[in-house]
Amino acid sequence: LKHVARLAPAPCRWNSGLPMNIGVLFVPQQEAWVVERMGKFHRILEPGLNFLIPLLDRIRYVQSLKEIVINVPEQSAVTLDNVTLQIDGVLYLRVMDPYKASYGVEDPEYAVTQLAQTTMRSELGKLSLDRVFRERESLNASIVDAINQASDCWGIRCLRYEIKDIHVPPRVKESMQMQVEAERRKRATVLESEGTRESAINVAEGQKQAQILASEAEKAEQINKAAGEANAMLVKARAKAEAIQLLAAALAQQHGNAAASLSVAEQYVNAFSKIAKDSNTVLLPANTGDVTNMVAQALGIYTTLTKPQAVKNQDEMPPAREDSHSPATEVLKAEQGSSS
């Protein structure tokens with residue numbers, strides 16, 4: 001039995017079988033053949049043509065130098081907040097030292113797989129459930145670093161580790177779904193409140209601008225109105241000044257005083273005719289029916305007002321001959337006859 005065990009074929013690493021020693025061998029590219037001479041390590045055959053001594057030399061291990069993909073079986077892990085997860089992954093390896101990979105460990109594939117599982121469980125225990133989903137990249141990097149520190153003496157290097165699936169318990173999944181829905185409702189409420197606030201701010205800004213524009217328009221209207229009134233007053237003042245100048249020129253002419261007396265008498269009579277129309281309370285002189293007396297009173301008022309001017313004119317001008325038949329006397333006589 002010992003002889004049968006000794007002659008049993010050696011385990012093959014990631015290949016289908018060991019080649020036979022026929023003296024002349026051709027090693028494929030990206031492979032390393034470990035040769036033993038009389039049961040002791042002799043050398044590693046490089047790719048290409050190689051020569052061996054039959055019966056003395058034996059090809060013990062064939063190591064592939066390509067990148068190897070290993071599926072890590074699904075396993076359970078407990079997070080920092082005591083949530084049990086079912087997680088699996090994919091491991092990418094490469095043999096860096098064929099000698100260590102052949103004689104450093106019995107089954108490199110099994111050893112690296114177990115190391116990846118234990119490292120994954122320890123790293124997941126340091127994170128909470130929410131951080132597991134957010135920090136998958138950092139978790140993968142931590143697992144790769146831990147595997148490389150342990151597999152350095154095996155001649156194997158872990159290139160990367162990727163988590164494929166994370167299965168959460170149904171109740172935890174329902175809680176996470178409720179949390180996501182609550183978070184979305186919160187975001188919707190916040191967005192709605194922000195929209196309402198922005199709308200109120202826009203409305204207030206619009207009202208402010210409208211009030212500012214309305215006040216500016218009112219200010220411009222008042223300025224324009226004041227300017228128009230000022231221009232109107234200036235025009236009226238100029239017209240009144242011109243009228244006064246024309247009136248003064250007319251009075252300075254011959255028979256100007258008689259025409260002024262006649263105008264004052266007409267205005268006096270018209271004023272009495274409008275008193276009863278404008279107000280119910282009427283103040284009349286005692287001799288209202290005497291038109292001659294009213295006209296004489298009006299002429300007396302005008303004479304009193306124009307007396308200083310007449311005295312001044314007499315001082316400046318030579319005395320004129322009195323005309324008994326002046327136009328003013330004739331007008332008074334005609335009015336007295338019509339009234340009688």
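For clarity, every value in this text was computed on a predicted model and none was experimentally measured. (Residues numbered from 1 in each chain as written. Predicted model: local features only at pLDDT ≥ 70, side-chain atom pairs only at ≥ 80, totals over all residues. Heavy atoms only, no water.)

*Asks:* Would you explain unusual backbone geometry in this entry?
*Replies:* Positive phi is not limited to glycine here, since Gln30 has a value of about 65°. By relative accessible area, Gln30 is classed as partly exposed at 33%. (Buried < 20%, exposed > 50% of the residue type's maximum accessible area, 1.4 Å probe, protein only.)

*Asks:* Looking at this model, I keep getting lost on the pattern of salt bridges. Mind explaining?
*Replies:* Pairing between side chains becomes possible if they bear opposite charge and their charged atoms approach one another. For the structure shown, the criterion picks out 7 salt bridges. Measuring nitrogen to oxygen at the nearest pair gives 3.9 Å for the salt bridge that ties Glu36 to Arg60. Here the residue Glu36 occupies a position in strand E2 (residues 31-37), and Arg60 occupies one in strand E5 (residues 57-64), the gap between them amounting to 24 residues. There is no split in this pair, since Glu36 and Arg60 are both buried. Arg131 is paired through a salt bridge with Glu135; the nearest N and O atoms lie 3.1 Å apart. Judged by its relative accessible area of 26%, Glu135 falls in the partly exposed class. (Salt bridge = Lys/Arg side-chain N within 4 Å of Asp/Glu carboxyl O. Helix = DSSP H or I, 4+ residues; strand = E, 2+ residues; numbered from the N terminus.)

*Asks:* Sorry, what's going on with the sheet that holds E5 here?
*Replies:* In space, the 3 strands of this open sheet follow the order E3-E2-E5, with antiparallel pairing throughout. Looking along the sheet, the strands with just one partner apiece sit at the ends: strand E3 (40-45) and E5. Mean inter-strand twist for the sheet, computed between neighbouring axes without regard to direction, equals 25°. Note that E2 and E3 share 5 bridges and pair antiparallel. For Arg37, the partnering residue across the bridge sits in E3 and is Lys40. (Pairing = 2+ DSSP bridges. Axes fitted to C-alpha atoms, helices over the stretch in contact; angles between N-to-C directions.)

*Asks:* Mind showing me how you'd approach the nonpolar core here?
*Replies:* The nonpolar side chains of a soluble globular protein tend to be buried, and buried together. By size, the foremost hydrophobic cluster in this structure holds 31 residues, and its most contacted members are Leu91, Ile147 and Tyr161. Secondary-structure elements contributing two or more residues to this core are strand E6 (67-78), strand E7 (84-95), helix H3 (108-124), helix H4 (129-134), helix H5 (136-151) and strand E8 (156-167). Counting residues per element, this core draws most heavily on H3, at 6 residues. Membership of the second largest hydrophobic core comes to 8 residues, among which are Val27, Trp33, Val35 and Leu52. (Core = buried A, V, L, I, M, F, W, Y, C linked by side-chain atoms within 4.5 Å.)

*Asks:* Any chance you could explain the pairing of E6 here in plain terms?
*Replies:* Along a regular strand, successive side chains alternate from one face of the sheet to the other. In the sheet, E6 pairs with E7 via 10 bridges, with the strands oriented antiparallel. Within the sheet, the bridge partner assigned to Asn71 lies in E7 and is Val90. Taken together, E6 and the strand that follows it, E7, pair antiparallel across an intervening segment of 5 residues, in which Asn82 is found at a positive phi of about 60°.

*Asks:* What is the right way to look at the side chain of Thr119 in this model?
*Replies:* In this fold, Thr119 is placed in helix H3. Overall, Thr119 belongs to the buried group, its relative accessible area being 7%. With residues near it in sequence (within four places) discarded, Thr119 still touches Ile143, Ala146 and Ile147. (Contact = heavy atoms within 4.5 Å.)

*Asks:* Help me understand the confidence of the model for the protein in this model?
*Replies:* Any region with low pLDDT has predicted coordinates that should not be read closely. Within the protein, residue pLDDT values average 77, and 73% of them lie at 70 or more. Confidence over residues 320-329 falls short of pLDDT 50; this stretch has 4 contacts with residues more than four positions distant or in other chains. (pLDDT = per-residue confidence, 0-100.)

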